[in-house]
Amino acid sequence: MGLYKSLFRQTAIYGFATVLPRMLTFFLTPFYTQILPEAEYGEVSIIFAYMIFFNVVLAYGMETSFFRFYSREENKEVVTETSTVSIFWSALLFLGGALLFRNAVAGFIGIDVQYITFAIWILVLDALVIIPFAKLRVNRKPGHYAVIKTGNVLVNIGLNIFLLVFLPRLASADSTGIFSFFYIENFEIGYIFLSLLVSSFLTFVVLSGNYIRFNWNFDFALWKKMMRYGLPILISGIAFAINEQFDKILLEWLLPADIAKSEVGVYSACYKLGLFMILFRTAYTLGIEPFFFSYSHNKNATQTYATVTKYFIVFGSLIQLAVIVFADLLKVLLLRDPAYWEAMKIVPLIVLANFFLGIYTNLSVWYKLIDKTHIGAYISIMGAVITLALNFILIPHYSYYGSAIATIAAYGSMMLVSWYLGNKHYPIPYEIGKISAYLGLSIVFSIISFYFFRGNYFVGIPLLLSFVAFIYSNERQVIDKILTRKTNT
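Residue indices begin from 1 for each chain and proceed along its sequence in written order. Totals for whole chains, interfaces and linings use every residue, but because this is a predicted model, local features are given only for residues with pLDDT of at least 70 and side-chain atom pairs only at 80 or more, for both listing and counting. As a rule here, side-chain values cover all heavy atoms of the structure and leave hydrogens and water aside.

Caption draft 1: Region of interest: the overall build of the chain. Put simply, DSSP H or I for four residues or longer makes a helix, DSSP E for two residues or longer makes a strand, and each gets a number counted from the N terminus. Within the chain, the secondary structure is distributed over 24 helices and zero strands. Each residue is placed in one exposure class: buried if its accessible area under a 1.4 Å probe, protein chains only, is under 20% of its type's maximum, exposed if it is over 50%, and partly exposed if it falls in between. A buried classification covers 53% of the 489 residues belonging to the chain. Note on contacts: a residue pair qualifies if any of its non-hydrogen atoms lie within 4.5 Å across the two residues. Within the chain, counting contacts between residues at least 6 apart in sequence, those at least 24 apart form 84% of the total. Here the chain has roughly 21,700 Å² of accessible surface; of this, 67% comes from carbon and sulfur atoms. Note on areas: Shrake-Rupley with a 1.4 Å probe; residue coverage comes only from the protein chains shown.

Caption draft 2: Region of the structure containing helix α22 (residues 432-452). Here the expected span of a helix is defined as 1.5 Å times the quantity of residues minus one. The end-to-end C-alpha separation of α22 is 29 Å, in line with the 30 Å expected for 21 residues at 1.5 Å each. By the burial criterion, the buried members of α22 are I435, Y438, L439, S442, F445, S446, S449 and F450. An end-on view of α22 places all buried positions within 135° of arc, on one side of the element. Exposed residues pointing more than 90 degrees away from the buried face of α22 are listed as G433 and F452. Buried residues along α22 sit in contact with α16 (301-325), α17 (327-334), α18 (347-363) and α23 (457-474). Each direction from the helix axis to a C-beta atom contributes to the arc, which is the arc of those directions.

Caption draft 3: Structural detail: the packing of helix α5 (residues 76-100) against helix α7 (residues 113-128). Structural elements are reduced to axes, namely lines fitted to C-alpha atoms, with helices fitted over the stretch in contact, and the angle between N-to-C directions of any two is expressed from 0 to 180 degrees. It is at 9 Å that the axes of α5 and α7 come closest, and there the two elements cross at 175°. Between α5 and α7, the angle falls in the class roughly antiparallel. Between α5 and α7, the contacting residues are I87, F88, A91, F94, L95, A98 and L99 on the first element and T117, I120, W121, L123, V124, A127 and L128 on the second. Three classes are used, and their members are as follows: Ala, Val, Leu, Ile, Met, Phe, Trp, Tyr, Cys and Pro are nonpolar, Asp, Glu, Lys and Arg are charged, and the others, Gly among them, are polar. The class makeup of the residues in the contact of α5 with α7 is 13 nonpolar, one polar and no charged. Angles below 35 degrees are treated as roughly parallel, those above 145 as roughly antiparallel, those between 65 and 115 as roughly perpendicular, and all remaining angles as oblique.

Caption draft 4: Looking closely at a nonpolar patch on the surface. Nonpolar side chains collect at one region of the surface, where I161, F162, F166, L170, I178, F179, F181 and F182 lie side by side and expose about 780 Å² of accessible area between them. When residues of the nonpolar patch are traced back to their parent elements, those giving at least two are α9 (142-173) and α10 (178-182). Secondary-structure assignment places L170 in helix α9. Here, patches come from residues exposed beyond 30% relative accessible area and free of salt bridges, joined within 9 Å for like charges and within 5 Å for nonpolar side chains (Val, Leu, Ile, Met, Phe, Trp, Tyr). For salt bridges, the criterion is a side-chain nitrogen of Lys or Arg within 4 Å of an Asp or Glu carboxyl oxygen.

Caption draft 5: Main features of the pattern of salt bridges. One pass over the full model with this rule turns up six salt bridges. A salt bridge links R454 to D328; its shortest N-O distance comes to 2.8 Å. Pair noted here: R454 is in the loop between α22 and α23 and D328 is in helix α17, with a separation of 126 residues, a long-range link. A relative accessible area of 15% means that D328 is categorised as buried. The salt bridge involving E475 is made with K434; its shortest N-O contact spans 3.8 Å.

Caption draft 6: Local environment of the confidence of the model for the chain. What pLDDT reports is the predictor's confidence in each residue, on a scale of 0 through 100. Per-chain confidence: the chain averages 85 in pLDDT, with 90% of residues scoring 70 or above. Element-level pLDDT for the chain is lowest in helix α1 (residues 2-26), with a mean of 57, against a maximum mean of 95 in α7.

Caption draft 7: Local environment of the side chain of S65. Tracing the backbone through its elements, the reader meets S65 in helix α4 (residues 62-72). On the accessibility criterion, S65 (0% relative accessible area) is buried. If near-sequence neighbours (up to four positions away) are discounted, S65 is found in contact with M226, Y229 and G230.

Caption draft 8: Summary view of the nonpolar core. One finds Y32, F193, I346, F355, F356 and I359 to be the most contacted residues of the largest nonpolar core, which totals 142 residues. Per-element tally for this core: the top contributor is helix α13 (residues 220-254), with 13 residues. What F356 contacts, discounting residues up to four positions off in sequence, is I408, Y411, G412, M415 and L439. Nonpolar core, defined: a set of buried Ala, Val, Leu, Ile, Met, Phe, Trp, Tyr and Cys residues in which side-chain atoms within 4.5 Å join the residues together.

Caption draft 9: Focus on α7. Over its 16 residues, α7 extends 23 Å from the first C-alpha to the last, a length consistent with the 22 Å expected when each residue adds 1.5 Å. Most of α7 is tucked away, with twelve of its 16 residues classed as buried. Residues of α7 that are buried in the fold lie against α3 (38-59), α5, α6 (102-109), α8 (130-138), α11 (188-207) and α12 (209-212). Its side-chain oxygen at 3.0 Å from the backbone nitrogen of Q114, D112 defines the N-terminal cap of α7. Think of a polar contact as two N or O atoms within 3.5 Å of one another; within protein, one of them needs to be a possible hydrogen donor and the other a possible acceptor, and neighboring residues in sequence only count if both atoms come from side chains.

Caption draft 10: Fine view of the packing of aromatic side chains. Pairing of aromatic side chains here covers Phe, Tyr and the six-membered ring of Trp, requires ring centres within 6.5 Å, and sorts the geometry by plane angle: under 30 degrees stacked, over 60 edge-to-face, intermediate tilted. In this structure the tally under the stated criterion is 28 aromatic pairs. Ring plane angle 85° and centroid distance 5.2 Å describe the contact between F88 and W89, whose orientation is recorded as edge-to-face. Note on F88: relative accessible area 18%, which makes it buried. Centroid distance Y267 to Y400: 6.1 Å. Interplanar angle 15°. Geometry classified as stacked. Note that Y267 is positioned in helix α14 (residues 257-271) and Y400 in helix α21 (residues 400-425), a separation of 133 residues in sequence. Each of the two residues, Y267 as well as Y400, counts as buried. An aromatic cluster is defined as three or more aromatic residues linked by ring pairs; in this entry it consists of F88, W89, F204, Y211 and W216.

Okay, structure coming up:
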């Protein structure tokens, strides 16, 4: 139990580092939707969608390569130095090229060039802290990680509130004062990205010691091995970005121009109600990825992976059902402008899709451990093809609901294919019967609650409690052991 306790502790702290900042950021959603018209919120969402793609490109699988080679190379300092130097120079090359062609890019995608400029600098600063953050994770310093991540978001939120609320008031109160000098009218989107830029810069400053106290050594032979390992992960990352974000871009391309950005706006807002599953998946991934690599040499590794996956699905099934049961309560609390509620029907699909993605993350451990990351790239490409094909087919007829269908189809397919191939190449004794029971019952209860008794908590809450009882009846020994340990301590 000590192993799982340690893993749970790390995941909980990474969860705090991920959940708290994202929860705080999420509270900017009703803030933005009250200040920005739906079309402008849609434009912000589209810019973020493009940024996700370039975040993946600028990382080019180096973070995962760092974890892999750090765990198996004797000279860990060389791994750190080589990966840091690689990211540093590639980020600078991107900065120069992107600034040179920013006007052309802005014209091509129809976004104001000043927003493109902000995005370029944010992307570069975020790239430069990839390896410093990875070092904190691999050296098991989740507390440091949590403080820095939370600080980043607090600065971002503080600047958003000041620039979008107080600065206009201060400028209006004194038209000749200093605040009036700094205030730019109708620049709300610019202020959103300026806030991000400042918070990213301060994060880089905090972690800049990784560049100052640093020997700029570069092992070219090691770098080639890391790139060979990481490039398939880059392809997987691009495919993932397509699955995760390209629907917003396609909505703008495929819908009539007069409604496109508004549709993106309401879709993006309701998509965020799946945040709780996304946070659970993200926090878990941050804690589990270094663990998978460090524990791979133990003789009972496969049994441990199977147990970890089962409990991920137990917790995930419970979170999925809880979010769907209380979806209409969450929309009132978090999306206070009723104009955005029209896309609520996508919420169950998005929550389940992100749960499938989390399960896929667990199942995909096998190809990383046997150094066949190219298989992961093939699976991700398959998911991207499904996403693109279904979006092109469904968006003209069903708008953002078609995008939600495409998302769940892509992640569900990736999950099943990864399980099938993993069972051949790196068998892990998953408890398929129990896993299927938890997942299946959670989905059935979710369908009953949302599509037949939506908003009826006299039905939804008993379904949720029944599911909790089902978990306890199947996992009683483990739960009692945990509770007994806590009582004794």
